Amino acid sequence: MTNTVLIIGGGIAGPVTAMAMQRAGLDPVVYEAHDRGADGVGAFLTLATNGLEGLHLLDLDRQVTGLGMDTRRMRIVSGTGKQLAEFDNGGLTSFGTPSQTLRRADLYRTLRDEALRRGVRIEYGKQLRDARLDGDRVHADFTDGTSADGDLLVGADGLRSRTRSILDPQAPDPRYLGLLNTGGFASGLALDGEPGAAHFLFGKRCFFGYLIHPDGDVWWFANPGRRTEPSAGELASITPEQQRAELTELFSRDAGPARQIIDATEHIIRSWSTYDLPTVPTWRNARMVIIGDAAHATSPSSGQGASMAIEDAVVLARCLRDNRDTAVALAAYETARRPRVERIVAQGKRNGSGKAPGPVGRVIRDLTLPTVMRMVGRSDSLRWMYDYRIEW
């Protein structure tokens, strides 16, 4: 039977998991490796309608809607400015809300503050060093010399999950996808377009996306290609001036407002590499389990990373509520989640494969992309991602 839940990781997945555990009648504690919260960190993300449905089950959707902007439509153009497709971005939730695009820091702060308001304990400076089963309990040791005991340990500790490597020292490393991420927030522009609509440009040499906020600011991202995975030091050595110059050059042959948006951005976010985790063989043992990016990181091209973590949290809590035997509950969780999340990881890889191809690949992409995009725009081929409802 499970009562006390040790949640490793205090980002977005951690507080949501804690509140889901509370809803299931359990006692969660969140342990965050850093010595402070992630206020002000990161760019922006989209919560798809399926992720919002998960928040709704926890009475969290009202706290989140309004933080950013409704994102009802997606519009895709080529580097020549030709429209390739325009389609619905997941429709509406059962309670009438479309997908939401919001700053990651705002989402994090809102979820953390609500978790604290609901009585969740969050401890900072608690980096997991090791964990082990101890009879019918689990024991966790942290790098600061402290430890904790519980009935279950949940690894919500992200792409570089320590929990994953404890469960399986041979667990696969994240797969580098050949793309960098960068972006920012531009002001002082007067662009045509529907506020909140996601505009995507398959440029000749780089992929670009932007949304116009109702207040007039432009939120944007770009995916420069890098065939060889850069080290953290290499990324850190790129100066803001070099990054701006590279982006300006990458979009110099493309129609559209990419260069104008870049010029109007005071601070461009430092580039980071894109990864996924296609298959992680071991998600659990009798009293430890991984969720979210720790178990199935997906490319940002899927638009589902945060939503998958929210779904995981709710399904895991439901399984624990319905099964007194923790090991049985964790097996039920994996059975319920693995097929769906691995399909989404694969879809994210496909979505990103045309963003930065080589010279031959660009020719093939430019010939086939209009047909592919028209087919996607006319069909409901991606509805399976959004039309997912968790029965609580």
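By convention here, each chain's residues receive numbers from 1 onward along its written sequence. Only residues with pLDDT of at least 70 get local features here, since the model is predicted, and only at 80 or more are side-chain atom pairs given and counted; chain-wide, interface and lining totals rely on the full set of residues. Think of the side-chain values as coming from all heavy atoms in the structure, minus any hydrogens and water.

## Points about unusual backbone geometry
If you check the backbone angles, Asp 59 has positive phi at about 60° while not being a glycine. Secondary structure elements follow DSSP: runs of H or I no shorter than four residues count as helices, runs of E no shorter than two count as strands, and numbering proceeds from the N terminus. Position of Asp 59 relative to the elements: it lies in the loop between helix 2 (49-57) and helix 3 (61-64).

## A word on the pattern of salt bridges
A side chain of one charge can pair with a side chain of the opposite charge when the charged atoms of the two come close. Just to be clear on terms, a salt bridge is a Lys or Arg side-chain nitrogen sitting within 4 Å of an Asp or Glu carboxyl oxygen. Enumeration according to the criterion identifies 25 salt bridges in this entry. One salt bridge connects Asp 144 with Lys 126, and the closest N-O pair in it is separated by 2.8 Å. With Asp 144 in the loop between strand 10 (137-142) and strand 11 (147-150) and Lys 126 in the loop between strand 8 (121-123) and strand 9 (128-134), this pair connects stretches of sequence that are 18 residues apart. Relative accessible area serves as the criterion here: at 39%, Asp 144 is assigned to the partly exposed category. When a residue's accessible area, from a 1.4 Å probe over protein chains only, is under 20% of the maximum for its type it is buried; when over 50% it is exposed; and in between it is partly exposed.

## Some thoughts on the packing of aromatic side chains
Two rings from Phe, Tyr or Trp (for Trp, the six-membered ring) form a pair when their centres are within 6.5 Å of each other. A pair whose planes differ by under 30 degrees is stacked, one over 60 is edge-to-face, and the rest are tilted. For the coordinates displayed, the defined rule picks out 13 aromatic pairs. By way of ring pairs, the aromatic residues Phe 200, Phe 202, Phe 207 and Phe 221 are connected into one cluster. Taking NZ or CZ as reference, Arg 321 lies 4.8 Å from the ring centre of Trp 392, over its face. Look at NZ for Lys and CZ for Arg. If either is within 6 Å of the ring centre and within 35 degrees of the ring normal, a charge sits over the ring.

## What about helix 10 (residues 305-322)?
Multiply 1.5 Å by the residue count of a helix minus one, and that product is the helix's expected span. When the terminal C-alpha atoms of helix 10 are compared, their 26 Å separation across 18 residues agrees well with the 26 Å that a helix rising 1.5 Å per residue should span. Within helix 10, 15 of the 18 residues are buried, which leaves it mostly tucked inside the rest of the structure.

## Section: the nonpolar core
Within this scheme, the nonpolar core is defined by two criteria: the residues are buried Ala, Val, Leu, Ile, Met, Phe, Trp, Tyr or Cys, and they are joined through side-chain atoms within 4.5 Å. One finds Leu 47, Val 154 and Leu 316 to be the most contacted residues of the largest nonpolar core, which totals 91 residues. Ranked by the residues each element gives to this core, the list is headed by helix 10, at 11 residues. By size, the runner-up hydrophobic cluster in this structure holds 19 residues, among which are Val 77, Leu 189, Ile 212 and Ile 262.

So far we have only geometry, and geometry alone does not tell us how the molecule works.
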